[in-house]
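Descriptive structure summary
Here's the letter readout for the chains.
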Protein chains: 2
Amino acid sequence: MTDSSLLAEERSSLSMPETPTLAHVARLAGVSENTVSRVIRDKGPIATETRRRVNDAIAQLGYVPNRAAGSLASSSSLIIGVILPSLSNIVFPEVLQGINAGLAGTPYRPMIGVTDYDLESEQHLISSLLAWQPAAIITTGFAHTDTARRMLEGSRVRIAELMDIDDRPIDLAVGLSHRQAGRAMARHLVNRGYSKIAYAGHDWASDRRAYARYQGLREGLGEAGLPLVAECRTEQASSTLEGRETLARLLAENTGIDAVAFSNDDMAVGGFMHCLAANISVPEDLALIGFNGLEIGQVLPKPLTTVLSNRFAIGKTAVEILLEDTKRPPDARIIDTGFSIIEGATA
Amino acid sequence: MTDSSLLAEERSSLSMPETPTLAHVARLAGVSENTVSRVIRDKGPIATETRRRVNDAIAQLGYVPNRAAGSLASSSSLIIGVILPSLSNIVFPEVLQGINAGLAGTPYRPMIGVTDYDLESEQHLISSLLAWQPAAIITTGFAHTDTARRMLEGSRVRIAELMDIDDRPIDLAVGLSHRQAGRAMARHLVNRGYSKIAYAGHDWASDRRAYARYQGLREGLGEAGLPLVAECRTEQASSTLEGRETLARLLAENTGIDAVAFSNDDMAVGGFMHCLAANISVPEDLALIGFNGLEIGQVLPKPLTTVLSNRFAIGKTAVEILLEDTKRPPDARIIDTGFSIIEGATA
DNA sequence: CTGTTAGCGCATTCAC
DNA sequence: GTGAATGCGCTAACAG
């Protein structure tokens, strides 16, 4: 403290730009460090006059709290750990946008990790994020390694599991029922009079929610007494390119299909491109339905019929609930952000 | 230290799951904390046997270093601050993917912030990220508020300014020359025999690089003795929807155009959709060229002619260079990741 | 309403 | 090659 006690003077005489600490602010404001800390964190009663003096000192020095010190002392940080399966699929950046929106105006910052749909990788990220003693960890789905689950449950950190709600969360789940979404897709096609319905999808091993929608689709068709007449899947992750190729393959190998349900909008948009290139009239020759409600689907010459999943809302809602209470509540909570059919022109 | 000294015993008898610290590892390994710290950070000479004992203890206890404590003690953290203008435009998640790839296998984690193309907002984020004493801050472009620039220059933190290379960086710039990219677009159209060239763009105020490409385009046309015959811009951010509408407006207000250069691929794909809907043959009636080389452009019935910007490489390269040396080098460095024309079928 | 006293868990001097 | 001491800047009990 011997040299730092000189900071205020030095600073006002514009010499050394040493970074100011609580102690400097306290000296300048003529109060104890503790009081400054209270003002900053808005904790406990503070005299209006004291608060003003402290805030003036903070402004004058351009003081910025050292987050590492704060985290160490309080054994909890203003970090929100965010674990996403991928960044290639625009859906997850949109979730992140929601998270970011929910964090706006708060001192919390997201620290991110990407698993590439790998649970081992998720486990490493969880461990590495817990090392920061974050206020919360936001991850995707209910599938975790045993170790990962133990780490999440064992920590006092708040946990949100996003996208899905068809299982029991550790703390908080925010998302929608993919099984119900799949059934809704089936019902929509059936109601429109299609009966030769096929499926074009992508890799299920990594994307469990896509599989849940597929199951829902089959259930929905079953309830209407209809079979799934054909299906074709790529081993790859979803993309417009894969969608285009998968539909081409599906149609090459089967005839008499009147509608195709896609695993998501990327695949469906790709499918639409195949139809354009192959001169197939949509929906007269072939109806298409996707899932997600991405912008690109709505800009096609015929807007894509699809199911809106509220990615932004999922991220934002999760953060809002997590920040309501830093302590994990006694029982887990599930928020259904729902879905809705977008009645486009392709089905 | 009174209670924690019991941890090792407690843990092995499976009672309290208190989180282990360096001290616990040290006791179990029968060495000093210092030595454990050295092993973990791989600093200074360590006897092979000692290293083994320490690593065993770490594994046995499931020790995970407290990052806040480490940051406080070393006054620098394993955080990389990442400031992006937006997440809606897939380009920036792709940069983030590159950053993430460059960080893979290191203990560094990205902490992110989104400016929405607002410099004031960038300034706040810089200040808020500096509070974590990050190893580096990665941001976009050369435009910053004076205060922001002062903060960046004043900190000992490494700084990368991404996407652009047409100005003097603070520490490191990684990207491409947007002016040259614009000129290349012009040259390509001219070489293909188009002479009635128009421009369809989006908001320049927020996206300075789009403006640089526009200027390059005009320069390139000028060098060929050609004028820009028409232009139309939306005040909105770029999107496929805006692209579709902007091209519609451009064509409604002008006749005789034979090629349109778009501000980016989102806009160009939207433009292509307009052509499909309006029955305009591409490229016979109208040629289209974009910028970025997004996947969606290559899945159109006719692959989009565009300019590939290496977003992933930009992020990855920046991280790799930043991690080479934690200290800012005496003079700034510029890495040109280049661009290349994708010869599609639309121009 | 405010000040005092102790650490938080590590990295960084130094010794040896 | 290893250990002992010191403090990073802040928050969390306590008093008063």
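Scoring rules and cut-offs
All residue numbers here refer to positions counted from 1 along the written sequence of the relevant chain. Labels are handed out in written order, letters beginning with A for the chains and numbers beginning with 1 for the ligands. Owing to the predicted nature of the model, reporting of local features is limited to residues with pLDDT of at least 70; listing and counting of side-chain atom pairs is limited to 80 or more, with chain, interface and lining totals taken over all residues. Hydrogens are left out, water is left out, and the side-chain values use all remaining heavy atoms of the structure. Start and end points for every domain follow an automatic or database-based domain assignment. Throughout this document, a residue counts as near a molecule or strand when at least one of its heavy atoms sits within 4 Å of that molecule or strand. Residues adjacent in sequence count toward polar contacts only when both atoms are side-chain atoms; beyond that, a polar contact is any pair of N or O atoms within 3.5 Å, and within protein one must be able to donate a hydrogen and the other to accept it. Residues are grouped as follows: Ala, Val, Leu, Ile, Met, Phe, Trp, Tyr, Cys and Pro are nonpolar; Asp, Glu, Lys and Arg are charged; all remaining types, including Gly, are polar. When the copies are superposed, the least-squares fit takes in the C-alpha atoms of residues with a pLDDT of at least 70 in both. Fitted lines through C-alpha atoms give the axes, limited to the stretch in contact for helices. The angle between two N-to-C directions lies from 0 to 180 degrees. In DSSP terms, a helix is any run of H or I states spanning at least four residues, a strand is any run of E spanning at least two, and both are numbered starting from the N terminus. Here is the rule for angles: anything less than 35 degrees is roughly parallel, anything more than 145 is roughly antiparallel, 65 through 115 is roughly perpendicular, and the remaining ranges are oblique. Here a crossing is called left-handed whenever its near helix is offset anticlockwise from the far helix by less than a right angle, and right-handed whenever the offset is clockwise. The criterion used for residue contact is that any of the two residues' heavy atoms lie within 4.5 Å. Strands pair, by our definition, only if DSSP identifies at least two bridges between them. Residues belong to a common nonpolar core when they are buried Ala, Val, Leu, Ile, Met, Phe, Trp, Tyr or Cys residues joined through side-chain atoms within 4.5 Å. Buried residues are those whose accessible area, probed at 1.4 Å on protein chains only, stays under 20% of the maximum for their type, while exposed residues exceed 50% and partly exposed ones sit between those limits.

1. A short note on the domain arrangement of chain A
- As far as domains go, chain A holds domain 1 (3–61), domain 2 (73–176 + 311–338) and domain 3 (178–309).
- Centre-to-centre, using C-alpha coordinates, domain 1 of chain A lies 35 Å away from domain 2 of chain A.

2. So, the protein's contact with DNA strand C
- Residues in contact with DNA strand C amount to 24 residues; listed here are only the nearest, N34(A), R38(A), T50(A), S37(B) and Y63(B).
- Looking at DNA strand C alone, sugar and phosphate atoms form 62% of those within 4 Å of the protein.
- T50(A) is positioned with one of its side-chain polar atoms (N or O) 2.3 Å from a phosphate oxygen of DNA strand C.
- A per-class count over the surface near DNA strand C returns 11 nonpolar, 10 polar and three charged.

3. Some details on the relation of the copies chain B and chain A
- When chain B is brought onto chain A, the operation consists of a screw motion whose angular component is 180° and whose axial shift is 0.0 Å, with 0.1 Å RMSD remaining. Here the symmetry operator amounts to a two-fold rotation axis.

4. Comments concerning the packing of helix α9 (residues 178–191) of chain B against helix α10 (residues 208–223) of chain B
Residue and element names in this part refer to chain B.
- Contact geometry for α9 and α10: axes closest at 6 Å, N-to-C directions at 40°. Our classification of the angle between α9 and α10 gives oblique. The handedness of the crossing between α9 and α10 is right-handed. In this structure, α9 uses H178, R179, G182, R183, M185, A186 and V190 to contact α10, whose residues at the interface are R209, A212, R213, G216, L217, E219, G220, L221 and E223.

5. Quick look at the sheet that holds strand β7 (residues 230–233) of chain A
Residue and element names in this part refer to chain A.
- Across the sheet, four strands lie side by side as β7-β6-β8-β9; this open sheet has parallel pairing. What marks the edges here is a single partner per strand, and that holds for β7 and β9 (287–289). Averaged over all pairs of adjacent strands, the angle between their axes in this sheet comes to 20°, without regard to strand direction.
- Helix α10 (residues 208–223) rests against β6 (197–201), β7 and β8 (259–262) of the sheet, and its axis sits at about 175° to β6.
- The strands that helix α12 (residues 265–277) touches are β6, β8 and β9; relative to β9, the one it contacts most, it runs at about 160°.

6. Digging into the nonpolar core
- Judged by nonpolar contacts, the single largest core of 130 residues is most densely connected at L162(B) and L288(B).
- With residues up to four places along the chain from it excluded, the contact list for L288(B) reads L247(B), V260(B), F262(B), A268(B), G271(B), F272(B), C275(B), V282(B), L304(B), T305(B), T346(B) and A347(B).

7. Here's the deal with the protein's contact with DNA strand D
- The local shell around DNA strand D holds 25 residues, among which L22(A), N34(A), Y63(A), N34(B) and T50(B) are the closest.
- Each atom of DNA strand D within 4 Å of the protein was classed as base or backbone; sugar and phosphate made up 61%.
- Residue L22(A) places a main-chain N or O atom 2.3 Å away from a phosphate oxygen belonging to DNA strand D.
- Between a base nitrogen of DNA strand D and a side-chain N or O atom of N34(A), the distance comes to 2.3 Å.
- When contributions to the surface near DNA strand D are tallied by element, the ones reaching two or more residues are α3 (33–41) and α5 (67–74) of chain A together with α3 (33–41) and α5 (67–74) of chain B.
- If one sorts the elements of the surface near DNA strand D by residue count, α3(A) sits on top with five residues.
- Grouping the amino acids of the surface near DNA strand D by side-chain chemistry returns 11 nonpolar, 10 polar and four charged.

8. A look at the packing of helix α7 (residues 119–130) of chain B against helix α8 (residues 146–154) of chain B
Residue and element names in this part refer to chain B.
- Closest axis-to-axis distance for the α7/α8 pair is 9 Å, and the angle between their directions is 25°. Relative to α8, α7 is oriented roughly parallel. The handedness of the crossing between α7 and α8 is left-handed. Residue-level contacts link Q123, I126, S127 and L130 of α7 to T147, A148, M151 and L152 of α8.
- Within the contact of α7 with α8, the residues separate by chemical class into five nonpolar, three polar and no charged.

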